[in-house]
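Residue-level structural notes
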Amino acid sequence: MTKGTTSRGERGHHSHTLCRRCGKRSFHTRLLRCASCSFPNPRMRRYHWSVQAIRRRTTGAGRMRYLKTVQRKASNGFREGTVAKRQVKKAN
């Protein structure tokens, strides 16, 4: 068996496939564990020695469809079902 170019063609299988939780191609098909987020473990995989990886998937990295409206609602006291008072124009 040669160690050079001919053995490079032997690498036709994939050990990792797409993960259901993080969407990366890090889910090991035989070990059934994601190398990136450690799915199916309920706790997300994160280490302080990789601060950039934490920054990539923290709050604010996505669209924040719900969370971006919470700050505005909190400043108004989370009021619901009210209508703003009608403003009358001043006559000059």
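Summarised in this report is the structure supplied together with it. (Residues numbered from 1 in each chain as written. Predicted model: local features only at pLDDT ≥ 70, side-chain atom pairs only at ≥ 80, totals over all residues. Heavy atoms only, no water.)

**Comments concerning the packing of aromatic side chains**
To be explicit about the condition: Pairing of aromatic rings covers Phe, Tyr and Trp, the last through its six-membered ring, and needs centres within 6.5 Å; plane angles under 30 degrees mean stacked, over 60 mean edge-to-face, and all others mean tilted. Helix and strand definitions here come from DSSP, where helices need a minimum of 4 consecutive H or I residues and strands a minimum of 2 consecutive E residues; each element is numbered from the N-terminal end. Each residue is assigned to one of three classes by its accessible area relative to the maximum for its type, calculated with a 1.4 Å probe on protein chains only: buried under 20%, partly exposed between the two thresholds, exposed over 50%.
Counting across every chain of the model gives two aromatic pairs. For the ring pair Phe27 and Phe39, a centre distance of 6.2 Å and an interplane angle of 55° mean the geometry is tilted. Of this pair, Phe27 sits in strand S2 (residues 27-28) while Phe39 sits in the loop between strand S3 (33-34) and helix H2 (51-56), and the two are twelve residues apart along the sequence. For the pair Tyr47 and Trp49, a centre-to-centre distance of 5.2 Å together with 10° between the ring planes defines the contact as stacked. By relative accessible area, which is 66% here, Trp49 ends up exposed.

**Here's the deal with a nonpolar patch on the surface**
Our working rule: Excluding any residue in a salt bridge, patches collect residues exceeding 30% relative accessible area, merging like charges within 9 Å and nonpolar Val, Leu, Ile, Met, Phe, Trp and Tyr side chains within 5 Å. Note on areas: Shrake-Rupley, 1.4 Å probe, and residue coverage restricted to the protein chains presented here. Salt bridges are defined as contacts in which a side-chain nitrogen from Lys or Arg sits within 4 Å of a carboxyl oxygen from Asp or Glu.
Together, Met64, Tyr66 and Leu67 line one region of the surface with nonpolar side chains, adding up to about 310 Å² of accessible area. For Leu67, the location among the structural elements is in helix H3 (residues 67-75). Classification of Leu67 as partly exposed rests on a relative accessible area of 43%.

**Some thoughts on the sheet that holds strand S1 (residues 16-17)**
Inclusion rule: Two strands pair if DSSP finds at least two bridges between them.
Pairing is antiparallel in the open sheet, where three strands are placed in the order S1-S2-S3. Looking at strand neighbours, the two that pair on one side only are S1 and S3, the edges of this open sheet. In the sheet, S2 pairs with S3 via two bridges, with the strands oriented antiparallel. Its bridge partner being in S3, His28 is matched across the sheet by Arg33.

**As for the nonpolar core**
Spelled out, the test is: Within this scheme, the nonpolar core is defined by two criteria: the residues are buried Ala, Val, Leu, Ile, Met, Phe, Trp, Tyr or Cys, and they are joined through side-chain atoms within 4.5 Å. The criterion used for residue contact is that any of the two residues' heavy atoms lie within 4.5 Å.
If you look at the biggest cluster of nonpolar residues, it comprises five residues: Cys19, Phe27, Cys34, Cys37 and Phe39. Beyond its immediate stretch of four places on either side in the chain, Phe39 contacts Cys19, Arg20, Arg21, Phe27, Leu32, Arg33 and Cys34.

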